[in-house]
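Notes for the structure review
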Amino acid sequence: MKLYDRAKVMRSKNAGPFMLTIDIILDNEDDFDVVVNSAEFNREKLAQLYHTEPEKVAIHPFRRVLAVKVSIPRSVSSGAPDDCDVYGSQQHFPLALLNI
């Protein structure tokens, strides 16, 4: 199952000009556990999806609110001439397509 199909909400946005944050909000504790404990949901895999180094990827699970926040460096600065998504609002899709 794709992460996008399991998540209640997925969204991305800028976290400053050089970072993206991706919010994953799950519907229940079972889904939360499946995502957080998935072999595919790790810094190495996310770094591969977003073409960065694993040590630059941060994964913050928040069980109390059934959410996970992922922080990833942007490939280009927000607003740079070759930036295709100034607000970072469409950057969750590589992660959304991850098989969980």
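Please refer to the structure placed before this passage.
An account of the accompanying structure is given in this report. It should be emphasised that the depicted structure is a prediction, and the values quoted were computed from it without experimental measurement.

**A few points about the overall build of the protein**
On a plain count of helices and strands, the protein comes out with four helices and four strands. When the helices and strands of the protein are read in sequence order from the N terminus, they spell out α-β-β-α-α-β-β-α. Taken against the 2.2 N^0.38 rule, which gives 13 Å for 100 residues, the C-alpha radius of gyration of the protein at 13 Å falls within 12% of a compact globule. Structurally, the protein occupies a C-alpha span of about 40 × 20 × 20 Å along its principal axes. Taking all 100 residues of the protein together, 37% fall into the buried category. Long-range contacts, defined as pairs at least 24 residues apart, comprise 59% of the intrachain contacts of the protein with a sequence gap of at least 6. Working note: accessible area of the protein is about 5,800 Å², and carbon and sulfur atoms make up 54% of it. Once the 12 positive and 14 negative side-chain charges of the protein are each reduced to a mean point, those two points are 4 Å apart.

**Description of the packing of aromatic side chains**
Scanning all chains against the criterion turns up one aromatic pair. Seen from their ring centres, Y4 and F93 are 6.0 Å apart, and the 35 degrees between their planes marks the pair as tilted. In this pair, Y4 sits in helix α1 (residues 3-6) while F93 sits in helix α4 (residues 93-96), placing the two residues 89 residues apart along the sequence.

**Thoughts on the pattern of salt bridges**
As enumerated under the stated definition, the model contains nine salt bridges in all. When the shortest N-O distance is used, the salt bridge between R63 and E29 registers 3.8 Å. Of this pair, R63 sits in the loop between β3 (58-62) and β4 (67-73) while E29 sits in helix α2 (residues 29-37), and the two are 34 residues apart along the sequence. One network of salt bridges, with partners in common, ties together R11, K13, D23 and K69.

**Structural notes on α2**
The α-helix advances 3.6 residues per turn, and as a result positions three or four apart in sequence lie on the same side. Of all the residues in α2, the buried ones are D31, F32 and V35. Buried residues of α2 fall within an arc of 100 degrees about the axis and therefore sit on the same side. Seen from the open side of α2, the exposed residues pointing more than 90 degrees away from its buried face are D30 and N37. Contact partners of the buried residues in α2: α1, β3 and β4. Looking at where α2 begins, the residue whose side-chain oxygen comes 3.1 Å from the main-chain nitrogen of D30 is N28.

**Observations concerning unusual backbone geometry**
A negative phi angle characterises most non-glycine residues, just as the trans form characterises most peptide bonds. For H51, which is not glycine, the phi torsion reads 55 degrees and is therefore positive. A positive phi is found at L66, a non-glycine position, where the angle reads about 55 degrees. One can find L66 in the loop between β3 and β4.

Criteria and thresholds
Residues numbered from 1 in each chain as written. Predicted model: local features only at pLDDT ≥ 70, side-chain atom pairs only at ≥ 80, totals over all residues. Heavy atoms only, no water. Helix = DSSP H or I, 4+ residues; strand = E, 2+ residues; numbered from the N terminus. Rg over C-alpha atoms; globule rule 2.2 N^0.38 Å. Buried < 20%, exposed > 50% of the residue type's maximum accessible area, 1.4 Å probe, protein only. Contact = heavy atoms within 4.5 Å. Areas by Shrake-Rupley, 256 points an atom, 1.4 Å probe, with all protein chains shown as cover. Lys, Arg positive; Asp, Glu negative; His and termini not counted. Charge placed at Lys NZ, Arg CZ, Asp CG, Glu CD. Phe/Tyr/Trp six-rings, centres within 6.5 Å; stacked < 30°, edge-to-face > 60°. Salt bridge = Lys/Arg side-chain N within 4 Å of Asp/Glu carboxyl O. Arc of directions from axis to C-beta. Polar contact = N/O pair within 3.5 Å; in protein donor to acceptor, adjacent residues only side chain to side chain.

Purely geometric numbers; function is a separate question.
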